[in-house]
Amino acid sequence: MSGTRDTERFPSQGPWRDTARRYALLPLRIFLGVTFVYAGFDKLMSDTFFTDSAPGSLVGTLNAVRGSAAIPGMIDLAMENPHGFGYAIAFGEIAVGIGTLVGLLSRIAALGGALISLSLWLTMSWSTQPYYYGNDLAYLMAWLPLVLAGAPLLSVDAMIAGRRGRRRRGLA
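So, here's what we can say about the structure. Quick caveat: nothing in here was measured; it's all calculated off a predicted structure.

1. Let's talk about helix 8 (residues 135–149)
Part 1: Over its 15 residues, helix 8 runs 22 Å from end to end, which matches the ideal 21 Å to within 8%, given 1.5 Å per residue.
Part 2: Among the structural elements, helix 3 (26–45), helix 6 (82–102) and helix 7 (106–123) are those in contact with the buried residues of helix 8.
Part 3: Phi turns positive one or two residues past the end of helix 8, at glycine 150, with a value near 70°.

2. Here's the deal with the packing of aromatic side chains
Part 1: As enumerated under the stated definition, the model contains nine aromatic pairs in all.
Part 2: Taken together, a centroid distance of 6.3 Å and an interplanar angle of 20° make the contact between tyrosine 87 and phenylalanine 91 stacked. Of this pair, tyrosine 87 and phenylalanine 91 both sit in helix 6, separated by four residues, roughly a single helical turn.
Part 3: Owing to a relative accessible area of 38%, tyrosine 87 belongs among the partly exposed residues under this scheme.
Part 4: Since its relative accessible area comes to 48%, phenylalanine 91 is described here as partly exposed.
Part 5: An aromatic cluster is built from Phe31, Phe36, Tyr139 and Trp143, whose rings are joined through pairwise contacts.

3. A few points about the pattern of salt bridges
Part 1: Under the defined criterion, the tally for this structure stands at three salt bridges.
Part 2: Of the charged contacts, one joins aspartate 18 and arginine 21 as a salt bridge, the two residues approaching to 3.1 Å between their closest N and O atoms. One end of the pair, aspartate 18, and the other, arginine 21, are both in helix 2 (residues 15–22), three residues apart, so they sit about a helical turn from each other.
Part 3: Look at aspartate 18 and you get buried, because its relative accessible area is 15%.
Part 4: Judged by relative accessible area, which is 36%, arginine 21 ranks as partly exposed.
Part 5: With its nearest N and O atoms 3.1 Å apart, the salt bridge here joins lysine 43 to glutamate 93. With lysine 43 in helix 3 and glutamate 93 in helix 6, this residue pair connects regions lying 50 residues apart in the sequence. Each member of the pair, lysine 43 as well as glutamate 93, carries the same accessibility label: buried.

4. Observations concerning the nonpolar core
Nonpolar side chains in soluble globular proteins generally cluster together in the buried interior.
Part 1: Ranked by internal contacts, the top residues of the largest apolar core, which has 13 residues, are Leu32, Phe36, Val96, Ile116, Trp143 and Leu146.
Part 2: For this core, the secondary-structure elements that each account for two or more residues are helix 3, helix 7 and helix 8.
Part 3: Tallying contributions element by element places helix 8 first for this core, with six residues.
Part 4: Ignoring anything within four residues of it in the chain, the contact list for valine 96 reads Phe36, Ala109, Gly112, Gly113, Ile116 and Trp143.
Part 5: Phe49, Leu58, Ala69 and Ala78 belong to the second-largest nonpolar core, a separate cluster that totals eight residues.

5. Side note on a nonpolar patch on the surface
Part 1: Taken together, the side chains of Ile30, Val34, Ile98, Leu101, Val102, Leu104, Leu105, Ile108, Met159 and Ile160 make up a nonpolar region of the molecular surface, amounting to roughly 850 Å² of accessible area.
Part 2: At the level of elements, helix 3, helix 6 and helix 9 (156–171) are the ones that each hand at least two residues to the nonpolar patch.
Part 3: Broken down by element, the residue count for the nonpolar patch peaks at three residues, all from helix 6.
Part 4: When you line up the elements, leucine 105 lands in the loop between helix 6 and helix 7.

6. Brief notes about unusual backbone geometry
Part 1: For the bond from glutamine 129 to proline 130, the omega torsion is -15°, close enough to zero to count as cis.
Part 2: Checked against the element boundaries, proline 130 lands in the loop between helix 7 and helix 8.
Part 3: A positive phi angle, near 50°, is found at leucine 105, a position not held by glycine.
Part 4: A positive phi angle, near 50°, is found at leucine 154, a position not held by glycine.

Parameters at a glance
Residues numbered from 1 in each chain as written. Predicted model: local features only at pLDDT ≥ 70, side-chain atom pairs only at ≥ 80, totals over all residues. Heavy atoms only, no water. Helix = DSSP H or I, 4+ residues; strand = E, 2+ residues; numbered from the N terminus. Expected span 1.5 Å × (residues − 1). Contact = heavy atoms within 4.5 Å. Phe/Tyr/Trp six-rings, centres within 6.5 Å; stacked < 30°, edge-to-face > 60°. Buried < 20%, exposed > 50% of the residue type's maximum accessible area, 1.4 Å probe, protein only. Salt bridge = Lys/Arg side-chain N within 4 Å of Asp/Glu carboxyl O. Core = buried A, V, L, I, M, F, W, Y, C linked by side-chain atoms within 4.5 Å. Patch = residues over 30% accessible without salt bridge, like charges linked within 9 Å, V, L, I, M, F, W, Y side chains within 5 Å. Areas by Shrake-Rupley, 256 points an atom, 1.4 Å probe, with all protein chains shown as cover.

Below, the structure written as structure tokens:
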């Protein structure tokens, strides 16, 4: 079915439903993008996140969850350089959030978000009982549609794809 348009695969069900289907992932993109940008800046601006002895610090949190993590080796790895790890997570969240919001390398950004969420689920929230009280697993699942679909509308990726398509049609 290569080259088939959405209108051929999915018969029109009216303008409202067609529009809703096309824009269905946009609220998810906005929510995840804003949330991850906020989370990254929140870590960087925090008075306690990089202060090893402060309540709620990264070091304190890593020490607290080490015994209950699914993969304690991930905690050990982070503890080798906790500040470097903290900065990597914060800047990674910001990059993922911005990439998701503007739709630049959107599948790669979504994969990054999924991997961050997976790592947090396997470490920070693994012991949450029942499992559905932990938010990291829900974030992981929320990233998966964006990994699969990317950002086909209102995105830098769509703009680039449109230019490539126009160039190909102009050369053919």
